[in-house]
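Structure at a glance
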Amino acid sequence: MVLYIIIAALIAAGVYAFINLVNRRWDAVIRAREDYDEDVDGKQTKAEKAAFEARKAEEAKLTRMPFGDVYKERPKRFIAVIVWGIILTAFTVWYFWNHGAHISKLIENPAFPGSGEMIHEGQAGIPVGIVFILILFAIYTLEALIDLDTMEIPPQLNIGIFVLGLISIPLWQHVTIKERIIGMLCLTVPMILLEFIIPGAFGGGDRRMLYGSGLLLGWKITVAGFFIGAIIQATIAVFFLVTKKKDWKSHMPFGPMLCLGIMISTMFGTQLIDWYIGVLKASMGR
């Protein structure tokens, strides 16, 4: 197992270096759009707005920004993303290898003879289920970075999560069709309805992310991830308010904390939901 963790970490270093490149280029694509406005709080002066519009032409030239220039522009963040990817990948492989038998294997399927067998150390490679999770976490990381930079989540990334969900249906039979359908709708429908009451309460990217995540992971992990992300977001918001770095009118992207919440929930969310349901049943005398 240790060898596979080392190999996975080395691959992650390259993958997350590439994520830095994709992140910066995608930022440029979004910022160069004619309809893009970074002044979500409505606090920019006319001079600042004019400067931003002038920068759009410069951003349009950076949609093919060279790899080396991305590092030179923000070296600390570049390295931080790679370190994050290495630690996240190593921990994910270790955790699911030891504690996630339901997700680190392929359920027996007639199309994949012997697919129900766990792939242990000494056999051929990292379980396919773990690879799925690593791909998902890489997408979440990219979504979080882009949302932090632009307050937008590209729909193409959420389509990628949805496709992973479709692929997983015949492979991850521990997540039932019913759980997937509930996962797709239990949060997105209330969020859409809330939009009629509080316009702009949630971004379309957040909803689409939850829709795809629900299909892939089921309702327990998705719901737990949403609330974990909301708690983290609220904690950060209170800190900014207390330190007066932001005020009540300031906008904060929810996507990064939502991504982090679902990552945490992917490992611990099912246990949290089962524990909470158990507490409710006990309190009701069942």
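Residues numbered from 1 in each chain as written. Predicted model: local features only at pLDDT ≥ 70, side-chain atom pairs only at ≥ 80, totals over all residues. Heavy atoms only, no water.

Regarding its fold elements, the chain presents eleven helices and zero strands. Shown N-terminal to C-terminal, the secondary structure of the chain runs as helices and strands in the order α-α-α-α-α-α-α-α-α-α-α. A total of 286 residues make up the chain; the buried ones form 42% of that total. Considering only contacts in the chain between residues 6 or more positions apart, those separated by 24 or more positions represent 76%. Put simply, the chain shows about 15,300 Å² of open surface, and 70% of that area lies on carbon and sulfur atoms. (Helix = DSSP H or I, 4+ residues; strand = E, 2+ residues; numbered from the N terminus. Buried < 20%, exposed > 50% of the residue type's maximum accessible area, 1.4 Å probe, protein only. Contact = heavy atoms within 4.5 Å. Areas by Shrake-Rupley, 256 points an atom, 1.4 Å probe, with all protein chains shown as cover.)

Now for the confidence of the model for the chain. For the chain, the mean per-residue pLDDT works out to 84, and 86% of the residues sit at or above 70. Overall, residues 104–125 carries pLDDT values under 50, and its contacts beyond four positions in sequence, including any with other chains, amount to 44 contacts. (pLDDT = per-residue confidence, 0-100.)

Moving on to the packing of aromatic side chains. One pass over the structure, following the stated rule, counts 14 aromatic pairs. Ring centres 5.4 Å apart and planes at 85° place the aromatic pair Y71 and F78 in the edge-to-face group. What makes Y71 partly exposed here is its relative accessible area of 38%. Its relative accessible area of 6% is what places F78 among the buried residues. Aromatic pair Y95 and F268: ring centres 5.3 Å apart, planes at 70°, arrangement edge-to-face. Residue Y95 is located in helix α4 (residues 75–99), and its partner F268 is located in helix α11 (residues 255–283); the two are separated by 173 residues in the primary sequence. (Phe/Tyr/Trp six-rings, centres within 6.5 Å; stacked < 30°, edge-to-face > 60°.)

Attention shifts here to the pattern of salt bridges. What the rule picks out here adds up to ten salt bridges. As a salt-bridge pair, R24 and E73 come within 2.5 Å of each other at their nearest N and O atoms. Of this pair, R24 sits in helix α1 (residues 2–31) while E73 sits in helix α3 (residues 67–73), placing them 49 residues apart in sequence. Taking the relative accessible area as the measure of exposure, R24 reaches 3% and is therefore buried. E58 is paired through a salt bridge with K61; the nearest N and O atoms lie 3.8 Å apart. Each member of the salt-bridge network shares a partner with another, and the members are R24, D27, R31, E59, E73, R74, R77 and D149. (Salt bridge = Lys/Arg side-chain N within 4 Å of Asp/Glu carboxyl O.)

Below, the discussion takes up α4. Across its 25 residues, α4 extends 35 Å between first and last C-alpha, which sits within 8% of the 36 Å expected from 1.5 Å per residue. Looking only at α4, the buried set comprises F78, V81, I82, G85, L88, T89, A90, T92, V93, Y95, F96 and W97. In this structure, the buried residues of α4 make contact with α1, α3, α5 (128–150) and α11. (Expected span 1.5 Å × (residues − 1).)

Here is a general trend for soluble globular proteins: nonpolar side chains tend to be buried in one another's company. Residues Y16, L136, F137, Y140, M209, L217 and F226 are the most contacted members of the largest nonpolar core, which totals 54 residues. Among the elements that line this core, the one with the most residues is α5, at 13 residues. Sequence-distant contacts of Y16, defined by excluding residues within four places in its chain, comprise V81, I82, W84, G85, L88, T89, F137, A138 and T141. Counting six residues, the second largest nonpolar core, distinct from the first, contains A17, M65, F78 and I82. (Core = buried A, V, L, I, M, F, W, Y, C linked by side-chain atoms within 4.5 Å.)

This part covers a nonpolar patch on the surface. Together, I177, I181, L185, V189, I192, L193, F196, I197, I198 and Y211 make up an exposed nonpolar region whose accessible area comes to about 990 Å². Going through the elements one at a time, α7 (177–185) and α8 (188–197) are the ones with two or more residues in the nonpolar patch. Looking at the nonpolar patch element by element, the count peaks at five residues for α8. Residue placement: I197 occurs in helix α8. (Patch = residues over 30% accessible without salt bridge, like charges linked within 9 Å, V, L, I, M, F, W, Y side chains within 5 Å.)

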